Amino acid sequence: MEALLIPFLDATIRTATPLAYAALGEVVTERSGVINIGLEGIIIAGCLGGLIAAGAGGPTVGFLGGALAGLLMAALFALFVLRLKADAIITGTALTLLGLGVTGTLYRGVFGLEGAALGTPSIAPVALPGLSSLPLVGPVFFTQTVMTYLLYLLVPLLAWWLARTHTGLALRAIGESRTAAHAAGIAVDRIRWGAILFGGVMGGLCGATLVLAQVGTFTEGMSAGRGFIAIAIVVLGRWRVVGTALAALLFGGAFALQYLLQAAGWALPYQLFLALPYLLTLVLLAALRGRAEAPAELASHEG
Amino acid sequence: MTEALLALWDGAFGSSYAIWSATLVRSAPLLLLGLGVALAFRAGVLNIGAEGQFLMGAISATAIAQSMGSMGGAVPRIVVIPMMALVGALAGASWAGIAAWVRQRFGVLEVISTIMLNFIALASISWMVRGPLQEPTRIYPQSAEIPGPAQWPFLIPGQRLHLGFVIGLLACGIAWVVLTRTAIGFRIRAVGASRSAATSAGGIAVAGTVLRVFLVSGACAGLAGAAEVGGVTWALYEGISPGYGYTAIAVALLARLHPGWIIVSAIFFGALEAGASAMQRDAGIPSVVVQVIVALVILGVLAGSQRRVIAGAATLGAEARR
């Protein structure tokens, strides 16, 4: 059993890592009262940005490139939604299409029609000395890539920032009532710009992690709905940082389940496992109705 | 650059073959899909699941065509083709119905549910062409060619323009009359403009109207899928849609959700798709560039209309979505 369980849990953490980056960024964006449905476009931009930058300067530069690509996409979203007052849902949809289209075009432009960047640099898992030799926990939690370890630091930091700092409080105030926050002297648009851009950086890191730490190459449309899944993760995590990180684990498990069941020799069609994360998203969103504590300013979008 | 643009123009309008067998053939699904998206948006339903509804329509139409072909004797064309259209439309409507149901029963935002259903539809088609609907030799991930009577008639000898295009035009015409001249159309527009006003001042059953529009929107997309199998591909395979369902959003927005203008904007995007594949072939420019143009059109329409709502209805404002 353990021979199956450890690879499954290991894959769960590995696939949950990029999801957690995107979802944590979206938590911050949504707590400011804006839903960014264009996260999918941001992630795929991060994938290609990460690939190209890593090709030029190695993995570290790759992650910076992914973050930058996400930042630029998010800036476009913020420009339309905050400055031009365009509808957030439609803008987000356009952002997704833009991301998928631009990355497809650029990828074939840069790498030719045959594609295949075989020499993609990637980062390998690092076993943390001491911790990694713990039974079960060691190989699962402490034999991961740097990006996972960064999350272990980021989650408590972000939770503290949102709950305890002045800007964190201001952000949550805007999400509950934009007008009240404005009346209290909070620079609503400036903080929303910050929240959207942070979501962009995190979405871009999600993409770069996907390419450089998980898949090891780029394919067109490889974000495969992760942006929308991340939005569902935020709902499942009830717009809280720690809850969102745990919800990301659940979805990591849904993606990893195919490895487990294949290894266990189940004769189900593999397309069922391909569909599983999407089915899970639908079912969980339906099941969580009413129990979720959405920021009030999102109410217009969340029905 | 000029070489690429020339290739684009030639591929779209450069010859009678380009017009009647490329541009208009690619416009056919966009007519129905764009209309479906526009109707939904008109009622404030953000159905971006046209892609999945299209795929489900294509799967079901293939299945019914194959099973009628294997019934022995020749089931005549006059029976098979309407059955394909009907079954395709029903499949599209059911797929949209799932999103409508989880929206009304559980409050799940349809933007997310329809996208999730798109991915589930993709997984379904992937399974179908390797499982129940795979061709008899079981080598290729695609269905066998649908039998002769299930192949939709061409409109012009020697050209590939098929019956689906006419159905698309008719659908746009009917939708235009219904939206502007009937009580049903008034209800749809009222619900899209303001759900609260439609309920309190208009005495309109909002939930029922929204549900019916969602279903009709899905039926349009499913019908488009049936027409694509019957009129163009004659078989089912995974890449049957080059993202038509997403292009349809741009078709609808560029037409400002007006059924008449859908015809113009569907032909515009059909020409773009046709030209882009010629451009890829002749000038080596990847055809995904169309998706970039689609996104820029949507952003352009958004920037142009600012908060004021597309097509005169407050459809896309937040208030309508409550």
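Residues numbered from 1 in each chain as written. Chains lettered and ligands numbered in written order. Predicted model: local features only at pLDDT ≥ 70, side-chain atom pairs only at ≥ 80, totals over all residues.

## Considering the overall build of chain A
Of the regular secondary structure elements, chain A holds 12 helices and 2 strands. Ordered by position from N to C terminus, the α and β elements of chain A give α-α-α-β-α-β-α-α-α-α-α-α-α-α. Here the C-alpha radius of gyration of chain A, 19 Å, is about what a compact globule of 303 residues would show, namely 19 Å. A principal-axis box enclosing the C-alpha atoms of chain A has dimensions of 60 × 45 × 40 Å. Here chain A holds 303 residues, and the buried ones make up 51% of them. Partitioning the contacts of chain A with sequence separation of at least 6, the portion at a separation of at least 24 is 76%. (Helix = DSSP H or I, 4+ residues; strand = E, 2+ residues; numbered from the N terminus. Rg over C-alpha atoms; globule rule 2.2 N^0.38 Å. Buried ≥ 20, exposed ≤ 12 C-beta atoms within 10 Å, placed from the backbone. Contact = placed C-beta atoms within 7 Å.)

## Notes on the overall build of chain B
A tally of regular secondary structure across chain B gives 12 helices and 0 strands. Along its sequence from the N terminus, chain B presents helices and strands in the succession α-α-α-α-α-α-α-α-α-α-α-α. For 322 residues, the compact-globule estimate of 2.2 N^0.38 gives 20 Å, and chain B sits close to it at 20 Å. Based on the C-alpha atoms only, the size of chain B along its principal axes is roughly 60 × 55 × 35 Å. Residue burial in chain B is summarised as follows: out of 322 residues, 58% are buried. A separation of at least 24 residues holds for 77% of the contacts in chain B among residues at least 6 apart in sequence.

## Describing unusual backbone geometry
Glycine aside, residues mostly have negative phi angles, and peptide bonds mostly take the trans form. All names here are of chain B. Backbone geometry places Arg138, a non-glycine residue, at a positive phi of 60 degrees. Counting through the fold element by element, Arg138 comes out in the loop between α5 (110–128) and α6 (163–181). The residue Arg256 is not glycine, and still its phi comes out positive at about 50 degrees. Mapped onto the secondary structure, Arg256 falls in the loop between α10 (244–254) and α11 (259–283). Overall, Arg256 belongs to the partly exposed group, with 15 C-beta atoms counted inside 10 Å.

## Points about the interface of chain B and chain A
Each partner contributes residues to the interface: chain B has 38 residues there, and chain A has 39 residues. Counting only elements with at least two residues in the side of chain B that touches chain A, the list comes to α4 (77–106), α5, α10 and α12 (289–305) of chain B. With 10 residues, the single largest contributor to the side of chain B that touches chain A is α5(B). In terms of residue class, the side of chain B that touches chain A is built from 28 nonpolar, 6 polar and 4 charged. (Nonpolar A, V, L, I, M, F, W, Y, C, P; charged D, E, K, R; others polar.)

## Some details on helix α3 (residues 50–69) of chain B
Taking 1.5 Å of rise per residue, the 20 residues of α3(B) would be expected to cover 28 Å, and the 28 Å separating its terminal C-alpha atoms lies within 8% of that figure. The element α3(B) is largely enclosed, with a buried count of 17 among its 20 residues. (Expected span 1.5 Å × (residues − 1).)

## As for helix α3 (residues 88–111) of chain A
If you check α3(A), its first and last C-alpha atoms are 33 Å apart, about what 24 residues at 1.5 Å a residue would give, namely 34 Å. Among the 24 residues of α3(A), 19 are classified as buried, and the element is accordingly described as predominantly covered.

## Here we look at the packing of helix α1 (residues 2–13) of chain B against α11(B)
Residue and element names in this part refer to chain B. Between α1 and α11, whose axes approach to 7 Å, the crossing angle comes to 130 degrees. Between α1 and α11, the crossing angle belongs to the class labelled oblique. Considering the relative orientation of α1 and α11, their crossing is right-handed. Mapping the contact onto sequence places Glu3, Ala4, Ala7, Leu8, Trp9, Asp10, Gly11, Ala12 and Phe13 in α1 and Ala271, Ala274, Gly275, Ala276, Ser277, Ala278, Met279, Asp282 and Ala283 in α11. Classifying every residue of the contact of α1 with α11 by side-chain character gives 12 nonpolar, 3 polar and 3 charged. (Axes fitted to C-alpha atoms, helices over the stretch in contact; angles between N-to-C directions. Parallel < 35°, antiparallel > 145°, perpendicular 65-115°, else oblique. Left-handed = near helix turned anticlockwise from the far one by under 90°.)

## Overview of the nonpolar core
Ranked by size, the top nonpolar core spans 217 residues in total, and within it Ile233(A), Leu33(B), Ala252(B) and Ile298(B) carry the most contacts. It is helix α2 (residues 39–83) of chain A that contributes the most residues to this core, 22 residues altogether. Beyond its immediate chain neighbours, meaning those up to four positions away, Ala252(B) contacts Gly34(B), Val37(B), Ala38(B), Phe41(B), Leu257(B) and Ile262(B). (Core = buried A, V, L, I, M, F, W, Y, C linked by C-beta atoms within 7 Å.)

## Comments concerning the environment of Met147(A)
All names here are of chain A. Within the secondary structure, Met147 sits in helix α5 (residues 146–164). Judged by the 23 C-beta atoms lying within 10 Å of it, Met147 falls in the buried class. Not counting the four nearest positions on each side in its chain, Met147 is found in contact with Thr17, Thr209 and Ala213.

## A word on the environment of Trp20(B)
Residues and elements named next belong to chain B. If you trace the backbone, Trp20 turns up in helix α2 (residues 16–42). Through-space distance from the C-alpha of Trp20 to that of Ala198 is 44 Å; in sequence the pair is 178 residues apart. Excluding residues within four positions of it along the chain, Trp20 makes contact with Ile156, Gln159 and Leu161.

## Thoughts on the environment of Leu98(A)
Residue position: Leu98(A) is located in helix α3. Judged by the 25 C-beta atoms lying within 10 Å of it, Leu98(A) is buried. Put simply, Leu98(A) and Thr60(A) are 38 residues apart on the chain and 26 Å apart in space, counted from C-alpha to C-alpha. When neighbours within four sequence positions are excluded, Leu98(A) is seen to be in contact with Gly41(A), Val292(B) and Ala295(B).

## Notes on the confidence of the model for chain B
Close inspection of predicted coordinates is inappropriate in any region flagged by low pLDDT. Residue and element names in this part refer to chain B. Scored by pLDDT, chain B has a mean of 89; 94% of the residues are at 70 or more. Below pLDDT 50 for its whole length, residues 307–322 participates in 47 contacts with residues either more than four positions away or in separate chains. As a predicted assembly, this complex carries a pTM of 0.87 together with an ipTM value of 0.85. (pLDDT = per-residue confidence, 0-100.)

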